[in-house]
Structures are given as C-alpha cells and as structure tokens.
Amino acid sequence: MIELPVKTTCPYCGVGCGILALTREDGQVEIQGDPDHPANYGRLCSKGVTLAETVGLQGRLLHPEIHGKRATWDQALDYVAQGFLRVMREHGPEAVAFYVSGQLLTEDYYVANKLMKGFIGSANIDTNSRLCMASSVAGHKRAFGSDTVPGCYEDLELAELIVLVGSNTAWCHPVLFQRLVAAKKNNPARKIVVIDPRRTVTCEIADLHLALRPGSDAALFNGLLYYLSCYGGVNADFLEAHTEGYADALRAARISSPSIPAVAKYCGVSTDKVALFFQLFTRTDKTLTVYSQGINQSSSGTDKVNAIINCHLATGRIGRPGMGPFSVTGQPNAMGGREVGGLANQLAAHMELDNPEHRERVRRFWHAPRIASRPGLKAVDLFRAVEAGRIKALWIMATNPAVSLPDADRAGAALKRCGLVVVSDCMRNTDTTRFANVLLPALTWGEKEGTVTNSERRISRQRTFLPKPGVAQPDWWIITQVAQRMGFAAEFTYESAATIFREHAALSGFDAAKKQGDQRAFNISGLAELSDIAYEALAPIQWPVAAAAPAGTSRLFTDGRFFTVSGKARLIPIAPRRPANPTDAGYPLVLNTGRVRDHWHTMTRTGKSPRLAMHDLEPYAELHPDDAATIGAQEQALVRVISRFGDMIARAHVTSDQQRGSVFVPMHWNDQFAHRAKVDALVSPVTDPISGQPESKHTPVRVELYQPAWYGFALARRPLVLNDIDYWVSAGGSDFLRYALAGERVPRDWAVWARDLLSASEQGEWLDYLDNRGGRYRAVHIIDNRLDACVFIAPTFALPPRAWLAALFGKELTSSERMSLLAGRPGHSQPDTGAIVCACFAVGQHTLATAIRQNHLRSTEEMGVLLKAGTNCGSCLPELKALLAECVDDWVQV
Ligand code: SF4
C-alpha cells in the first residue's frame with residue numbers, strides 16, 4: 001500500500017511553515033517541508049526538520065490526575081467544573097481565570113474565550129501571547145483601528161529595502177530569513193538594514209547594522225519621521241486623503257529627535273550610520289519594516305510600534321506590494337488567539353469589550369446568559385491577583401508560566417497559594433504542573449485537528465497523523481466538557497473542530513457592516529459554510545475571506561481605507577521613554593532575553609531532539625569582552641547573573657558582537673533541564689501601560705564570576721541522581737543523556753560519589769582514575785563492552801572535549817577506546833567533531849574547520865558538497881559563513 005503524507009503546519013514559530021508528515025507502518029515519522037505551502041514553499045528550519053525526533057511519548061501526560069492520583073475523565077471534569085462553580089458562587093466570576101497559549105489551535109482558543117467571556121461572565125482570560133506581541137496589537141489598533149497586519153511574506157521578495165528591527169530573524173523566523181537570503185542573492189542591489197543592539201547572525205546579510213542603545217528605537221524612528229518631512233520623503237497626497245494626526249506626530253518627532261546628531265547621540269550610533277539609514281529609507285519606495293520582540297517586549301513597546309507605523313503612513317508605503325510595517329509573531333497561533341479574543345482586553349472576532357454594541361452582538365450570537373462588561377486581567381496582573389488571593393481558581397492551558405512569566409519564581413509562589421490550579425498540558429512534568437491540583441491530558445501536534453494563523457494572516461490546517469495516546473483529548477473537547485458540566489450544555493455541544501471553526505467564521509461576519517464605519521478587518525464569513533470535507537481539505541488562505549474576497553486577501557489597505565470611524569489611519573505623537581528600570585551601580589548591565597536557533601520556548605518539545613540539543617548544550621550569558629574582563633570571566637567560565645528579582649548561573653560567551661553594558665541570555669532553560677538557569681526569574685515584571693506586555697529586553701543586572709570547587713560533565717544511558725549538585729544542565733541524546741556539572745564542595749570519596757551519581761550497578765566494569773593533586777577524576781561504567789555511563793571532573797572549566805564520547809555509546813569498545821576513555825581524550829582514530837553546527841546532518845565545528853583548512857574550501861557551497869552541511873534547512877548557513885571567514889585566513893596565510 002502506498003502511504004500518503006499528511007499536510008499539516010509546523011507547531012513552532014509564527015512563520016507557519018507547511019509540513020508533509022508521513023507515518024510509516026512501523027510507526028516511524030518522516031517530515032518534509034510542503035512545497036505547495038506559500039509560507040515556506042518546501043523549506044524548513046532545523047527545528048522543523050527534526051520534528052520527527054520529538055513525537056515520542058516520553059514524559060507525556062496520558063491520564064487525568066487529581067492531587068497527583070490518577071482519575072477518570074468524569075472525575076476530573078466534574079472536579080474542575082464544581083471547583084469553578086463553587087468559587088463563582090462564593091466570590092463572583094471575577095475570582096476565576098484562564099491563562100492560555102499561542103500553542104492552542106484556534107478552535108481550542110475560541111471555546112475557552114466563549115466560556116469565560118460569555119458564560120462565566122468575566123474577561124479574565126489572557127494568553128502567553130501577551131508576552132510576545134501585545135504591543136503590536138495595541139499599536140495596530142491605535143493606527144489602523146483594527147489589529148491588522150497589512151502585508152504578506154511575498155513582500156520580503158518584492159521590497160527593495162528591508163529594515164529588520166528588534167528581530168534576530170535568522171534564528172527566530174529562520175524560513176523568512178532563508179527567503180530574504182534568496183531574495184538578496186537574486187538581487188544584490190536590494191538593501192537590508194538590521195537595527196538591533198547585538199550583532200546577531202542576522203547581520204550576516206545586512207548592508208547596514210545599527211547597534212543602537214537598548215530601548216532607543218522610538219527616538220530613531222521619530223528622527224526618521226522628522227527627516228522624511230525635511231527631505232521630501234513624505235507623501236502629502238496620501239497623508240491628506242488617508243490619515244490624520246500627522247502634524248501632532250511630526251511635532252513630537254521634532255521635539256524628541258531634532259537632528260541626526262541628536263538621534264545618533266540618544267541611540268548611541270554614529271551619525272554616519274543614522275544618516276545612511278535615513279537616506280536609504282527616504283529614497284526607497286519599496287520599503288518593508290519587519291519587527292518583532294525587540295520592539296514589542298518593552299515598557300514603551302506600543303509607542304515603538306507606532307513610531308515605525310508613523311513613518312510608513314507618512315510615506316504612504318502601506319497596502320502596496322513590497323512595502324509596509326510588518327509585525328512577525330513568535331508563536332504558531334498568536335494570530336489565531338488574537339482573532340478569537342484570547343487577550344483579556346478583546347472580545348471575539350476582533351470586536352471590542354468596551355463597545356456596548358459589540359458586546360450585545362456577541363452575546364446574541366452566542367446566546368450567552370451574560371457577557372463580560374469590562375476588560376479582564378492581563379498576564380502579569382492576573383498572576384498578581386492570584387498572589388493576592390483575588391483569583392481563587394485558575395486554569396492554565398498549554399503553557400508554562402512558572403518559567404516564562406517575568407519574575408517567574410514569584411508566579412510559581414502565587415500558584416502555590418491558589419486554591420484551585422488546573423493545568424491542561426501534553427507533558428506530565430513541567431515547572432507549572434508541579435503546582436496543579438488537577439492535571440488534564442491534552443493531545444499535541446500530530447494528534448489533533450484544527451487551524452492556526454501565521455504572521456501574514458494565513459489560516460492553515462493542523463492535521464492528525466499520529467494515534468491518540470492514553471486517554472488524552474483535544475483542548476476544545478476538555479473545555480466544552482467542563483462547560484457542559486457547569487450548566488452550559490446547550491451552547492457547548494460541538495462534535496468536532498470543524499463545527500467550532502464554522503461558528504467562529506460565522507461570528508466574524510455576524511451583523512458585519514450594518515453601520516457606516518463598522519466594517520471589520522477580520523471577517524472569514526466566507527468559510528462559515530464549509531462542509532466537514534471542505535474543512536478537512538482547507539488549503540492555506542489569508543483573511544479576510546468574505547463575499548468580496550472568497551479566495552482570501554494578501555494585502556489590506558490597498559484602497560487607503562482603514563478601520564477607524566473616519567476610515568483614516570492615525571499617526572500617533574510619540575515621546576520616547578527610556579526603559580522603566582534604569583541600570584545603576586548595583587546592577588550596571590542590561591539583561592536582554594531571547595531565543596536560540598535550535599530551541600523553542602521551555603524546551604518540552606525541542607528538548608527531546610538529540611540533534612537540536614547539540615547546538616547549544618547549556619544556557620549562556622553573552623558578554624562583551626570588556627564586561628567579561630571586569631569580572632575576570634573567560635570564554636566558557638561560569639558566571640552568576642543577578643537581578644533584583646532572582647539569579648541564575650550560565651556559561652560565559654565572550655564576544656564583541658555583544659555591546660558593552662549588555663548581556664544576552666536565552667529564555668529556554670528551566671528546572672526540568674537545569675538547576676539555576678531560569679532567566680525569567682530575573683526579568684523585571686514592569687509592563688507597557690497600554691499593551692500590558694512585559695519589558696523582557698531590559699532588566700538591570702550584575703554579573704559575577706562563579707567559581708565552584710570543581711567542574712565536570714557526564715554522559716549516561718539514564719537520568720543522573722543530581723541531589724547535591726550545585727550546577728547541572730541536562731540535554732537529550734538518542735541513546736543517552738548529557739550533563740554539564742559543577743559543585744561547590746569536593747566529595748570525600750570521588751568513587752563513591754560517582755557511583756551514586758551514575759546509579760552504576762555492580763553489574764559490568766567500573767574503571768576510574770584519580771589525580772588527587774591535580775583535582776582530576778574520571779570514571780567509566782561499561783556493560784557488555786558498551787559504554788553505560790561516564791563522568792569527567794576537573795578543577796577548571798577547561799574539560800576534555802566530549803563530542804567523541806557520544807560516538808562511543810553506539811558501538812562496542814575497542815581496547816584503544818577504553819584507554820582513551822580513561823586518558824580523557826580521543827585517540828587518533830576517534831576525531832573530536834566539536835559542537836554541532838549543522839543540526840540536520842550533525843556536522844560539528846571541528847570537522848568543518850578541519851575540512852576548510854585541509855581542502856582549501858572557499859564557499860558554503862563547497863562545504864555542502866564535501867560534508868552536506870548547510871544543504872538541507874539552511875539554518876546554519878550564517879554560522880558556516882562565519883567559520884569559513886575565520887578558517888580561510890588560516891589556509892591563505894599558510
Ligand atoms: Fe517551524 Fe522553522 Fe518554519 Fe518556524 S521557520 S514554522 S520553526 S520550520
């Protein structure tokens with residue numbers, strides 16, 4: 001029988017790549033990019049390529065639990081429904097809340113929002129998308145009267161100038177970066193400007209990099225607006241016909257940013273670079289400004305968004321091919337959540353909670369007994385209310401706030417005090433599930449059906465290609481079952497995701513355009529009559545999808561009409577503000593958090609992939625050499641990063657790509673994968689006053705050298721016993737786990753300690769070596785001539801290489817390999833491949849460097865021919881290029 005792949009959508013970032021998933025008869029899954037999907041045309045990044053490694057059931061939550069004991073669905077659902085009803089009865093609907101996620105599918109999101117806002121009668125439902133792009137939502141609504149992304153991905157190829165602001169596109173939206181690389185190759189005259197305090201790998205394709213002072217973006221774009229007005233850059237006809245507020249916005253821009261030198265000084269960039277950027281923007285009609293978390297995650301994020309949009313409105317560069325402001329979202333369904341009203345200050349279908357007509361319309365459509373009458377609590381405030389005891393029952397769906405919220409340990413402490421914490425998740429053990437009274441097992445990617453919307457408004461299907469494990473259920477089923485038990489059975493009797501989608505689509509067109517000025521941007525009423533078969537076959541489509549545009553809409557505002565009452569877009573006067581928490585003598589550095597190339601959120605999925613684990617094994621703190629020298633930290637030393645809210649330990653990465661006075665730390669690691677490595681425990685909970693989005697890019701910290709008594713690493717076929725280890729990080733491997741270790745006390749007997757650590761049985765051989773004076777210890781446990789576990793200890797962080805050890809787990813040991821194990825270094829026949837650069841083909845840094853030097857390679861294409869590196873997803877190409885530049889010098893000099 002010929003097996004056919006299932007078309008679905010990647011569960012990671014907001015690019016929303018199409019995927020072909022094939023499950024073979026033996027259960028093995030194969031993943032490929034979908035060549036027909038308009039987001040990626042077959043491309044995938046390293047995370048997408050390795051998805052098959054993440055679909056195993058280890059660590060899954062497969063049965064409901066109440067207070068840690070297995071329960072039936074009936075028991076768990078009754079418990080949740082009765083618990084919520086009891087709190088509502090005793091304390092009112094404002095005493096309950098949902099905290100949901102951009103990982104939910106639109107159908108899940110829709111019923112959660114309907115239950116809370118229309119039936120419980122509170123708007124206390126907020127989402128982790130608040131942490132990601134709430135400032136873009138607020139900025140869009142201020143400027144356009146609607147939360148609308150004007151353009152589409154095709155604009156990346158059509159633009160002649162692409163400005164990337166606060167976006168490490170190469171790592172965070174890798175397939176969009178690949179599209180940019182290809183576009184630049186096709187037309188080298190196309191200019192790319194990167195605006196980011198750090199020199200990230202995205203700068204590899206930049207013609208100009210503005211390493212501006214953290215938080216100074218609004219002043220830069222205000223300066224640009226004023227410059228445009230002075231040098232003939234504004235489109236007076238467009239301003240007159242289609243906008244309002246230009247004069248006020250310009251006045252504010254002139255006050256804050258009166259000249260190029262003033263802007264340069266404020267932003268900490270040379271006048272030449274500022275002038276060049278302003279000139280490029282002024283003279284290039286087809287300009288696209290792509291922005292992301294570097295703009296949004298700020299205490300003035302909404303103003304920064306509007307400062308960017310102001311420049312596009314002033315030039316009339318919106319609604320036409322190759323131009324416009326373009327917010328790219330972090331999560332796979334952040335946009336779908338926005339559509340159904342998953343944010344506490346929105347109603348469903350982009351309608352407004354504070355608009356009585358909208359409330360009444362939604363109430364009628366839902367046949368709701370009550371409708372929330374005021375906005376609910378936004379994420380940070382919601383957890384403050386839990387802490388204060390005002391929220392007494394909280395349901396967390398598909399997210400991990402004990403890791404990802406700012407001041408994360410405080411969020412965890414709040415959960416501990418909450419009377420009823422329900423967590424629906426696909427994973428049993430997360431930093432959040434430990435606080436749950438009730439655990440509800442949810443299906444995950446590959447097991448569930450529904451839709452997601454990507455950054456360009458494109459709705460795509462996620463489809464099932466794996467069997468349902470245990471008794472796990474889709475989130476929409478779990479929510480509707482609870483709703484039925486709460487007494488709302490008549491309005492929550494959905495049979496499938498398709499039924500919910502049809503209702504969602506119908507609401508978006510319900511009473512649409514009855515009144516002048518009340519047209520809605522989000523209207524997918526053209527999909528409201530889809531049959532089950534048509535829903536199953538639904539091809540990716542961009543909203544709006546209504547009678548006037550049944551095939552979808554790639555660009556909005558093409559006619560210069562916006563969704564404000566006047567139909568005109570609004571320019572907003574911006575007075576730039578410095579970040580809310582300035583640095584001081586006690587906390588002199590700015591902490592900036594973000595993503596790494598090969599991990600996603602709190603690693604519950606990417607942490608399962610051995611190949612992804614190999615790119616960044618440990619959390620790191622990226623420091624400028626001067627800041628590192630101040631504390632005596634060398635590359636690979638351990639450092640402690642400390643803020644007013646918490647502290648963590650990370651590996652120092654010393655690089656002049658980082659700007660002086662700043663430190664970058666990835667956001668992914670948490671208590672499941674490391675001890676003392678949760679960066680959000682350090683992040684200040686200050687938020688943007690309009691969007692409620694936390695300032696995750698600017699927390700004052702200090703960094704100190706962490707000097708334990710010993711450093712080490714271990715590899716083992718089972719989890720280590722880590723009770724008294726002061727610092728550890730674990731990473732997945734296919735046959736074994738890897739650990740980095742450090743301790744503040746030297747054990748009395750290394751051999752006893754190592755046997756306990758490795759849980760080494762008496763079975764097999766135990767080989768060890770102790771250099772007491774040198775403080776070195778190595779131990780190896782071998783069973784049936786195969787490596788079972790090993791640990792290496794040294795007094796400094798300069799430990800032996802370990803990539804070669806991994807290769808030994810897959811084979812029987814030769815006598816020379818046994819000797820090399822105790823010697824602590826690879827033999828001649830066991831080359832050390834170094835840290836993995838190409839995750840697709842597991843090609844290490846040392847292998848690549850040697851190949852470049854020995855074969856006199858000159859291009860990434862030649863590296864691809866020889867080693868395959870970079871020939872699949874292309875995520876590693878910027879790093880290959882950097883390595884090439886480093887090593888070519890060596891062989892040229894030879
Ligand atoms: Fe998934 Fe990568 Fe595409 Fe994002 S860019 S959707 S992570 S394959």
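Going by the structure above, here's the rest.
The paragraphs below set out a description of the structure included in this document. Note that this is a predicted model, so its numbers are computed, not measured.

A word on the state of the cysteines
- Overall, the coordinates contain 0 disulfides when judged by the stated rule.
- C426 takes part in no disulfide bond, and the closest cysteine sulfur, belonging to C10, lies 14 Å away.
- Distance from the sulfur of C838, which forms no disulfide, to the nearest cysteine sulfur (C876) is 4.2 Å.
- Classification of C838 by relative accessible area gives buried; the value is 2%.

Considering the layout of surface pockets
- Looking at the largest pocket, its volume works out to about 1,500 Å³.
- Those elements that provide at least two residues to the lining of the largest pocket are β22 (620-623), β24 (647-654), β33 (836-838), α28 (845-855) and α30 (877-893).
- Residues belonging to the lining of the largest pocket are distributed by class as follows: 20 nonpolar, 9 polar and 14 charged.
- Empty space within the second largest pocket amounts to approximately 700 Å³.

Considering the pattern of salt bridges
- Within the structure shown, the criterion is met by 57 salt bridges.
- Linking D126 and R130 is a salt bridge whose minimum nitrogen-to-oxygen distance equals 2.8 Å.
- The partner of E861 in a salt bridge is K185, with the nearest N and O atoms 3.8 Å apart. Residue E861 is found in helix α29 (residues 860-867), and its partner K185 is found in helix α7 (residues 174-186); the two are separated by 676 residues along the sequence.
- A cluster of three or more residues bridged by salt bridges with shared partners is formed by E360, R361, R363, R364 and D511.

Quick look at the sheet that holds strand β19 (residues 541-542)
- The strand order across the open sheet built from 3 strands is β17-β18-β19, with neighbouring strands paired in antiparallel fashion. The strands lining the two open edges of the sheet, one partner per strand, are β17 (450-453) and β19.
- Relative to β19, strand β18 (residues 458-462) runs antiparallel, the two sharing 2 bridges. Pairing of I459 across the sheet is with I541, part of β19.

Some points on the site of the ligand
- Around the ligand sit C10, Y12, C13, V15, G16, C17, L44, C45, K47, G48, P174 and V175, and that is every residue in its neighbourhood.
- Those elements that provide at least two residues to the shell around the ligand are α1 (46-49) and α7.
- Looking at the shell around the ligand residue by residue, the classes come out as 9 nonpolar, 2 polar and 1 charged.

Side note on the environment of E817
- Looking at where E817 falls in the secondary structure, it is placed in helix α27 (residues 815-823).
- Taking the C-alpha atoms as reference points, E817 and S300, 517 residues apart in sequence, are found 58 Å from one another.
- Here the side chain of E817 touches K811 through a polar contact of 2.6 Å, side chain to side chain.

What to know about the packing of helix α8 (residues 217-230) against helix α12 (residues 271-283)
- Across the interface, α8 lies against α12 with an axial gap of 10 Å and an inter-helix angle of 55 degrees. When the axis of α8 is compared with that of α12, the two are oblique. At the point where α8 passes α12, the crossing takes the right-handed sense. Packed against α8, whose contacting residues are L220, F221, G223, L224, Y227 and L228, the element α12 presents F277, F278, Q279, F281 and T282 at the interface.
- Here the residues of the contact of α8 with α12 sort into 8 nonpolar, 3 polar and no charged.

Rules used throughout
- Residues numbered from 1 in each chain as written.
- Predicted model: local features only at pLDDT ≥ 70, side-chain atom pairs only at ≥ 80, totals over all residues.
- Heavy atoms only, no water.
- Disulfide = S-S within 2.5 Å.
- Buried < 20%, exposed > 50% of the residue type's maximum accessible area, 1.4 Å probe, protein only.
- 1 Å grid on protein atoms, 1.4 Å probe; cavity = no way out; pocket = protein on both sides within 12 Å on 5 of 7 lines; lining within 4 Å.
- Points joined across faces, edges and corners; volume = space filled by probe spheres on them.
- Helix = DSSP H or I, 4+ residues; strand = E, 2+ residues; numbered from the N terminus.
- Nonpolar A, V, L, I, M, F, W, Y, C, P; charged D, E, K, R; others polar.
- Salt bridge = Lys/Arg side-chain N within 4 Å of Asp/Glu carboxyl O.
- Pairing = 2+ DSSP bridges.
- Near = heavy atom within 4 Å.
- Polar contact = N/O pair within 3.5 Å; in protein donor to acceptor, adjacent residues only side chain to side chain.
- Axes fitted to C-alpha atoms, helices over the stretch in contact; angles between N-to-C directions.
- Parallel < 35°, antiparallel > 145°, perpendicular 65-115°, else oblique.
- Left-handed = near helix turned anticlockwise from the far one by under 90°.
- Contact = heavy atoms within 4.5 Å.

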